[in-house]
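# Structural overview for review
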Amino acid sequence: MPVKWLLHWQPNQGSTFSSQILNEVTQSIESLNGVKEGTWKATLNYYKPMLQDQANQAEFPREFVGISLLEEPDKYYFVIRSQRIVVEADSSIQMIMESLQSYKCKLSFYFEGLEYQLGDFRLRVGKVVPTHAETIRGVVMEVEYLPISSMGMAKKLMEEFLEIWQEAMSKRSLPGKFVNKELNFEKFGLGDNYTPQHTAVGYAFFMANLMAAIQAGRG
């Protein structure tokens, strides 16, 4: 699987997310001769245990996330950040969990937008929205370097690409920038060879930071 970096839009102090940011980002990609290949979508769900006996609460994680990815439609990924666990399952696990009623989905988000090909890179840029609302809670961009699956080998090329990308974006005077936060995948038992589990962990941490920012804003 190609190496992927997950970037998130970091707005300037006092600014907010809007569809205008997405429009400007896609125009920047097209100005670099990016070719639109279609749409993309991912889904992230927050689960919590449905306990009959609260005395057993310590035996279960307080919450964890489940993620469906465009590139793996038959799979579903669970991430328990507190225990550094990531698991791949068949997509039917969602129906099994619903019928068992052992865990309840308390919150869901969609990641949806456009996919572009730019030389040896694939870019997916999209908005983050709750499933039952239209409010944009964030903006993400996936950057894939298609020829290489080794994160170590691809790092320098990815950094050089992002420099070019940030320069193109700087010409548009937008109230923020894309940020790449490096994660320690080894803590989850993941190696240098990139896998969908790496992507799942990246989205889980992205959403944890986004939820913290939302809560801070409300506070």
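That block above? That's the structure.
The structure reproduced in this document is the subject of the present report. (Residues numbered from 1 in each chain as written. Predicted model: local features only at pLDDT ≥ 70, side-chain atom pairs only at ≥ 80, totals over all residues. Heavy atoms only, no water.)

Oppositely charged side chains are able to pair whenever their charged atoms sit close together. By the definition in use, this model includes 13 salt bridges. Close ionic contact of Glu88 with Lys75 constitutes a salt bridge, the shortest N to O distance being 4.0 Å. Of this pair, Glu88 sits in strand β5 (residues 85–90) while Lys75 is found in strand β4 (residues 72–80), placing the two residues 13 residues apart along the sequence. On the basis of relative accessibility, which here comes to 36%, the residue Glu88 falls in the partly exposed class. Residues Glu144 and Arg124 are paired through a salt bridge, measuring 3.9 Å at the closest nitrogen-oxygen approach. Of the two residues, Glu144 is situated in strand β8 (residues 138–145) and Arg124 in strand β7 (residues 121–130); the sequence distance between them amounts to 20 residues. Here Glu144 and Arg124 have matching classes, each one buried. A cluster of three or more residues bridged by salt bridges with shared partners is formed by Lys4, Glu71, Glu115, Arg122, Arg124, Glu142 and Glu144. (Salt bridge = Lys/Arg side-chain N within 4 Å of Asp/Glu carboxyl O. Helix = DSSP H or I, 4+ residues; strand = E, 2+ residues; numbered from the N terminus. Buried < 20%, exposed > 50% of the residue type's maximum accessible area, 1.4 Å probe, protein only.)

Coordinates in, geometry out; function isn't part of it.
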